[in-house]
Amino acid sequence: MDTLIPLIAGLPLAGFVVTATIGRRLGRRAWWIPVLTVALSWAIAMVVVATALTGGFAGGSYTVHLWDWIPAGGFHVEAAFVVDNLTAGLLIVVTTIGLLVHVYSIGYMAHDPAGYWRFFAYLNLFMFSMLLLVLGDSWLTVFVAWELVGLCSYLLIGFWFRKNTAALASKKAFLVNRVGDVGFALGIMAIWVNTGTLNIQESIHVLTSETLEAFPIPIGIIALLVFAGAMGKSAQFPLHVWLPDAMEGPTPVSALIHAATMVNAGVYLVARANPIFASAPEAMVVVAGIGIFTAILAASIAMTQTDIKRVLAYSTLSQLGYMFAALGVGAWTAAIFHLMTHGFFKGLLFLGSGSVIHAVHEEQDMRKMGGLAKKIPHTYWTMLIGAVAISGIPPLAGFFSKDEILGEAYKLGFAWVWAIGVVVAIMTAFYMFRLIGLTFWGESRVDKAVEPKVHESPRVMTIPLWLLAIPSLVLGLILAWPGPPLGPLLGLERPGLLAGWLEPIWEHGFELLGHHEAEFAIFGIDGVLILVSIAVAAGGMLAAWRLFGVEIGPLRGRPAPAQVRALSARVPFLYRASLNKWWFDDLNHLLFIVIGGRVAAFTWWFDAKVVDGIVNGIGAVTRRSGGGLARVQTGHVQNYALGIAVGLLVMAGSYLVIAGR
Amino acid sequence: MRAWIYLLAAAIAGAIVTTPALLVYVLGGGTVDDALFAALATLMLVSALAVVTMRDIIRCGLAMIVSFLALAGIYVVAGAPLVAAAQVIVYIGAISVLILFAIMLTQSKAGPASLVFQTQAAPAAIAAIVLAVLIGVGVSATDWGAASERIRTLTEPLARLLFDEYVLPFEVVSVLLLAAVIGGVFIAKRETGTEPD
Amino acid sequence: MTGVGILSAVTFVPLIGALVVALLPARYARAIALAAALLAWLASLLLVIGFVATPQRGGLFQYVEEISWIPLFGIEYKLGVDGLSLVLVVLTTTLTWVSILASFKPIQTRIKEYMVSFLILEVGMTGVFLALDAFLFYIFWEIVLVPMYLIIGIWGGTNRIYATIKFVLYTLVGSLLMLVAILATAFAYQAAHGGSWAGAFDFEVLRQWATQGGGFDSTLQLLAFAAFFLAFAIKVPMFPFHTWLPDAHVEAPTAGSVILAGVLLKLGGYGFIRWTLSLYPDASHTFAPVIIVLSLIAIIYGAVVALVQPDLKKLVAYSSVSHMGFVTLGIFVFQPQAMAGAILQMISHGLITGALFLLVGVIYERTHDRTIAKMGGLAARTPVYMAIFGFFAFASAGLPGLSGFVGEFLTLVGTFATNPWVAAVAAFVMILGAAYLLWMFQRIAFGEVSGFLAGLGHHLTDISPVEILTLAPLGALVVAFGLFPGILLTLIDGSVTVALRDAGTGTAIAIDPLVVALGLGIVAAAVVARVATLPFGSRSGTGAGAAGPATAESGS
Amino acid sequence: MTFADLVTIAPLVGAVAVTAVVLFVDLAWPGRRGPVLVTSLAGLAVVGLLTLVTGGTAATAFGGSYKVDDLTTFLDILFVGIVALTIAFGPDYLKPRGLPVAEFAIVLLFAMTGAMLIAASADLLVLFIGLELMVLPGYLLAGYHKSDGYSTEGAIKYFLLGSFSSAIFLFGLAFVWGLTGTTRIAGVAEDLAALTAGGSVSPGLAMGLAFMTTGVAFKIAAVPFHYWTPDAYQGSPTPVTGYLSVGPKVGAFALILRLFVEALGPLKADWLAVVVVLAVLTMTLGNLVALTQNNVKRMLAYSSIAHTGYMLVGLAAFAAGRIEGLEGLLYYGAAYSVMNLGAFACIAALQKRAGVTSNLDTFAGLIRREPILSILMTVFLLSLTGIPPLAGFFAKMYVILAAVQASQDGVTALGVLAVVAVLNAAAAAFYYLRVVVYMFMRESATEQPAQVHGRLLWSGLIVATILTVFLGFIPGLFEVVGAAARAIG
Amino acid sequence: MADSLDAYLVLAGALFAIGTFGFLARRNAISMLMSIELMLNAVNLAIVAFGSFIAELKADGSVIALMVMAVAAAEATVGLAIVIAIYRNRKTPLVDEYDAMRR
């Protein structure tokens, strides 16, 4: 294990280094080293995951020490990896989707031979960073990885840097993330100040076991600061603005980083720090509130967007909001559950959208698609699976996780979270099927020039799609599996598989929170909640079905654009708000570019004219006074003599004064 | 006609000089010395004023000689006849003559300049008056530890002093004069042209 | 009294090199200068090898050389290293040879004088870090001035004379007052020791006296500290004494900028730790709140002004102001982590900013322009160059895993432990720093190739191997110190402990910096209100208004 | 006059004798430079040796009107050095202008005699005559280029104002004589100590002090009695300017040491305040006005005013009770002499071709034409700025140290003075470095060929440079200075 | 009166002031020179007066006065030489026209 665990992260790093140095010469063959390293990393990760989940580690976790990173007296940070069950869960998602995206990219990036090696190098670097993030055993290591994934995100969003929008989007992503990072960094500092250690386990132990008054920094503040970091990375309101723009990056990047892995880091972080949050209930309410607000905000925007990837991006935001809502109400298992399932089906959807875009020659506007179901069937079917999964129709993955979130929220007393969540669920189903409808159903609106060339993607792309479709179908069932043959037929002696795995992680947090996850009662409240969930999902789907056409097997219908227009005309404000993303970008533009720019320009003016002006002014005054004094030197002897005489008189006077003392 | 004017001027001058003497002697009840002193002092000051105020520089030079002469007289009154003699020899015999020569050499044909004084004559006068007042006040307010009777300086002790205690300055003064002469000659002589070398 | 040893060798090898360069024909100048610099570098590495960094001895001076010089005043030629000076000396020797190598091509006129200046500059810089005698320290301090003056003034840009004179005068004002303070201190010591000058300029003796002996009286401390503060604050440079820096940087030749940013600014930070803390501990605490607030202003202000700079070098220069703010902040919160962070920050700023100036120099060599607006799309034309640029830009922005992060973070952690609000304000620069660097990077690297660059045709070549060679050691060190800051931290640990033992730790800060900030803020507000009523300068048009600095660009 | 007296005044006799020999040599070989230079320099060497030999033992001669002590020896050597360097720098400048060297050397030697007399005088009359012997040749030298309007204009301004100030000075001296009844310095000091024992200074004495201070302040070119300096310096032939800027100034400071420090020492509490004010005014005005000058000679004239101010700081420190002030003052005098002479020698060398002005433009791009000269000039200018480890730095340091000591003794004004001094030094850097800027950083407008400079000039420059660079490192020098200071302090 | 030191000194002061005035006010170089001579004479008067009234000075006053005269002679020599030299260059004895150098 001492070698295997570092290798999980180390292999992609090695792949990055090698590809970055010699990749340029490999040209089209540049993919094989990165893919190989990630595949190996995946294999090793599976071994480690298996060991971890089968209780192979004494005490539930295994730590690998590498070296003393920062030995600054009392401030001591080790470079070390730790694997426990939570890490294991994340490892599954990260390595699996990572591998599939790598494979997919072999095909997807084929038309960009110049950037081929660069793309894979970046991807590898990202894999390393992300794995470092989940494996790191100290806050600071996590923070390093936190920044590194941000860097990779920056590099990959701006991959096509000649496009100005891409360059701008990448910068925006990094900077908005930095806002959250500042909070996170301050949180880390606060943790160290309070506890004197940055080891995650130790510091949490100290923070949550002693009297709260003893700390210089209140624990609620710490929780909020850590959450600030999570908000940035997981794009929660108001730091959500970067994620939609991040779609400027190549689609595999969107799938891997901006759907399945990196954006989940915030969720992971909060879950990791669960005892801290458990000690600060107010902070948890904030988390829940921001989460569910983001969920509905993003869902509302997703309903009107026309760019296929942006719809998915807002959907991601919305789903991440769900996860935070779950974290906030204390349904931590549900959050991680949703994280995992969402990773797969959203990854699938993104990769599918990539396939679509590929098919229609880099067109992302859904208004220029339609009727593609026949032409790209693999893509169509896999994306349909993803859409159903995200909408929450049993027995697909999304149903289980989403329902668990909503159910727990209701049962833990956060009825408002549940209520909003239900609305979001309707909207989710609606916009997903709007997407499917606009893209695949109805008449083709594809550009006439492109129309004949529309084609299915190569195997190397479709196989990963199918490989992702499988977990989208069954992962929920597996992870929620309550026991040998369906929890002795829903007698449910033990919680779901995932819940069992994660039990030790939450143990301490639950103790602090003073409650346990409620008993599952399929024929009680739970049954009702499940039915509600299914109903709203179906409702949303049906609505979209009505408006955007039907074309599943025997079911056929026509899109009804007129009705769509009429509907949107009924709620003009909401429609425009949604279309303009509630004007957040405009607000930011005003705040940071217009006003911020003015402030900066003023500051510079201040620097040049006032600060430096004073400096130069002193110089000028000195010289000018020199010039003034030089006037005394008239060139006339008598003037000089008079000066001397007056000087003599003054001196005589002053001596008389001195003498008179 | 002209002669009369000169005579008149001489009379006025004589009156100016003798009036204080008479005043001192007759009204102030002073001694002859006092009267002499007053006369000479007046003569000296008046001629000194003439030196600094008269338009024609040659007359200034002549007034200076008068002033020096009056001063020599005062030295005699003060009991330093040797100094008085030296005054006559050095100042009148040497310096004044030098100055008069220099005046001749430097008078441009255009005659005396239209302006005698600088534009700053008024501040100069004020400064001079303040200076005089300061000196006068300072001097009178000071206890010099002076003897009530003046001491006559005899030539012999003076000579002894000069060649004993003050022999070094005496010698050095000669060096000084030598230096002045050598340098003065060099500066004042006409350009000899570029020297061959 | 010990004789001359390796420290003198490190210090004066460049001087010998300078003499040789001066005596031989100009065509040998480059090679000999480089050889001398490398020799000094190797000698400095020998120092590292022989240095004992155990907790007991790491804070003590080692390799001490002591020769009586002006016995009348107890002035000695005394050199010694502790961990702090050791790392800075190695930084100096490294950057010097890198700079000399980087000057090979750009400097084509009066190469001999150039190399001589550079080597003498090295003598001065090394000497400042090694001197243990206040007088010797001052002499080295001033020696630095002249070669830098010539380097900027002779080989600089168009406005070089203004810049170099400003540099010299500004520095001189501070340093001369420091001289008065040094003399006053020495005399106070002498007066307190029955008129014996022995040891009156000796740092170790003075420190002993200041911290464990009678100490200096409070008036002297305050005045002397103020003088030292001015000298060091100008050198660092701290707000509001920083305006010489952008001018000097912009006009200096590349290597001059490298040394200026890499080493010269460190003289101030070093001086604070070495001299002021140990000799005037009480005054240090009295002044600390003011310095903390000024540091905060510098941190934020430098970054904000950097945002709108149209010139690459000026941008990096203002970023230096911002970064060096962390150094002064870290020193004056009197907290071990913060001080270690400050020292690390000095080292990494030297490496990173040095590299950034080299990189600007690379592009300037090809385009003879540094205007950001004229660049664009360089990533496509010169990919390797831009990759390296990107690396150092991110390093400068404090990307974890690289050296800049460790220093910054340690400083912030230490500050946070003393005063969370101060740390919170300072941490804000993580955003601003990233903002100006990324915005700059985006404008020069991304997008389509600009017309200006396209017009250069084949002159616009990618970075050359020699240039990479100059950058490689810096990059390697940036990574190494990022991953293994322990190398440095063990070396400086002793120095930090001793400095804080001398000065006392953070609890003694008398006034809350917030109070000071409020006070300064009111004054500043008054000034701003006053100037704001003046007609707005012509700058507003050239600033950010048009292009936008952007924490967020509109995506639509 | 005894033989012992003659031995004691041997240096002085030597100086006069050398003058006479040179005079005869010139008469014997009219217009020849070589013999004159050889005899005068060799003679100076002899005088120097005599000084060293006789200076070993303290002695008085001529009934106590002449005194040899460590101060005398130190100053005499300094004067001999100044004059030797000046003579070395002269011919290169004089020759192209058709001016003879012999008179130059002779007049200089006279001046040196006067200065040495000041340094050795124990009698106020001797002091005054020495002063006149020192300054009269100065007037002549200023007008040495008699066909040049500037030279004569400078000379007449110098002469008129100088004589004016001499008269003022003498008037003050007369008051002191009158009050103390003696001309012997020691006697004056005793009498004054007795007179002021009660703590009061009579108005007459105050007037005398004022007159003397004015006269002396004029001679050292302290503000506001400095007016002659820029004009006289600018007008004079450049080697003469070099001499004028150091010789009469150091001589006048010697006068201050003998008169104010020794004779008027009991009154130092009274003249302290005046010196402090003079020092501030002098430093500040000198530096400020120098900032605006475009003629290097004139600029250095103002700079020399400023340096007077720095030296006055040392004097003030002495008056405030610190003997170190005198040490600093003496050291400053030595350092200032070599570096300023060196700087003027560089200018003189540049002006070898008649008609070359001393404007800044002359210096533009000098590094290309005259690399060695410009580097030497830079050394001198840096030293004048006070950059370590050059002589000028040590000089400043010592006076400032003394001021700081005095301020810590409780005389706050000296602390202020120290700060003003360093701020001035910083401002001064601007104009010194401006010359460096022209030499190194600007291009010459007109291309002129390099000039060949005489060997004598080079040797003189080398000596000046070596002294400028290493003065701070000469072991024992400060002990010598200290002994000289203690001789009167 | 003739026996009072103060009278002599006041007289000397007056003469000195007159000389000063002349020096400050006259334009002609030689006039200024003459003014200086007046001032020196004033000093001499003071010295002689001291010699006459201060017991310790006795003959010293006269000696000093003699020396001062010699010095004055030397000064005059040099001064007149310079005046003549500049007159050759400038063709005017008026010093206020000698202002080629200023500032």
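What counts, and where the lines are drawn
Residues numbered from 1 in each chain as written. Chains lettered and ligands numbered in written order. Predicted model: local features only at pLDDT ≥ 70, side-chain atom pairs only at ≥ 80, totals over all residues. Heavy atoms only, no water. Contact = heavy atoms within 4.5 Å. Buried area = accessible area lost by both parts, 1.4 Å probe. Salt bridge = Lys/Arg side-chain N within 4 Å of Asp/Glu carboxyl O. Polar contact = N/O pair within 3.5 Å; in protein donor to acceptor, adjacent residues only side chain to side chain. Helix = DSSP H or I, 4+ residues; strand = E, 2+ residues; numbered from the N terminus. Nonpolar A, V, L, I, M, F, W, Y, C, P; charged D, E, K, R; others polar. 1 Å grid on protein atoms, 1.4 Å probe; cavity = no way out; pocket = protein on both sides within 12 Å on 5 of 7 lines; lining within 4 Å. Points joined across faces, edges and corners; volume = space filled by probe spheres on them. Buried < 20%, exposed > 50% of the residue type's maximum accessible area, 1.4 Å probe, protein only. Pairing = 2+ DSSP bridges.

**Student:** Tell me about the interface of chain B and chain E, residues and numbers included.
**Tutor:** Taken together, the contacts link 83 residues of chain B with 69 residues of chain E. Taking both sides of the interface into account, the surface hidden between chain B and chain E amounts to around 6600 Å²; carbon and sulfur atoms contribute 76%. At the boundary of chain B with chain E, the tally comes to 0 salt bridges. In this structure, the connection of chain B to chain E is made through 9 residue pairs in polar contact (both at pLDDT 80 or more). Counting only elements with at least two residues in the side of chain B that touches chain E, the list comes to α2 (32-53), α3 (57-78), α4 (81-106), α5 (121-140), α6 (155-163) and α7 (167-188) of chain B. For the side of chain B that touches chain E, the element with the most residues is α4(B), which contributes 13 residues. When grouped by side-chain class, the residues that make up the side of chain B that touches chain E number 60 nonpolar, 15 polar and 8 charged.

**Student:** I'd love a proper account of the interface of chain B and chain A, names of residues and values included.
**Tutor:** Many structure descriptions define interface size as the accessible area lost when the parts assemble. Tallying the contact residues gives 8 residues for chain B and 7 residues for chain A. Taken together, the two surfaces of chain B and chain A that pack against each other cover about 670 Å², and 74% of this comes from carbon and sulfur. In this structure, the connection of chain B to chain A is made through 0 salt bridges. Between chain B and chain A we count 2 residue pairs in polar contact (both at pLDDT 80 or more) in total.

**Student:** Quick rundown of empty space enclosed by the protein? Include the residues and the values.
**Tutor:** Residue and element names in this part refer to chain D. Taken as a whole and judged by the stated rule, the model has 14 cavities of 30 Å³ or more. If you go around the largest cavity, the residues you meet are T213, V216, A217, I220, A222, I256, F260, W271, V275, L278, L312 and L315. Breaking the lining of the largest cavity down by element, the ones donating at least two residues are α9 (203-219), α11 (238-263), α12 (268-291) and α13 (296-319). Classifying every residue of the lining of the largest cavity by side-chain character gives 11 nonpolar, 1 polar and no charged.

**Student:** Pulling in residues and values, what's your account of the environment of A:W466?
**Tutor:** Residues and elements named next belong to chain A. Within the secondary structure, W466 sits in helix α19 (residues 459-479). Classification of W466 by relative accessible area gives partly exposed; the value is 34%. A C-alpha to C-alpha distance of 6.3 Å links W466 and T382, two positions 84 residues apart in sequence. Ignoring anything within four residues of it in the chain, the contact list for W466 reads H378, W381, T382 and I385.

**Student:** For the side chain of D:N424, give the residues involved together with the corresponding values.
**Tutor:** All names here are of chain D. Residue placement: N424 occurs in helix α19 (residues 412-441). Judged by relative accessible area, N424 falls into the buried class, the value being 7%. What N424 contacts, discounting residues up to four positions off in sequence, is M283, T284, N287 and Y310.

**Student:** How would you explain the pairing of strand β2 (residues 75-83) of chain A if you had to name every residue and give the values?
**Tutor:** All names here are of chain A. In terms of residue burial, β2 counts as a mostly covered element, since 7 of its 9 residues are buried. In this structure, strand β1 (residues 62-72) lies alongside β2, joined through 9 bridges in antiparallel fashion. Each residue of the ladder has a partner; that of D68, found in β2, is E78. Hairpin connection, β1 to β2: the antiparallel pair is bridged by 2 residues, and G73 has positive phi, about 60°.

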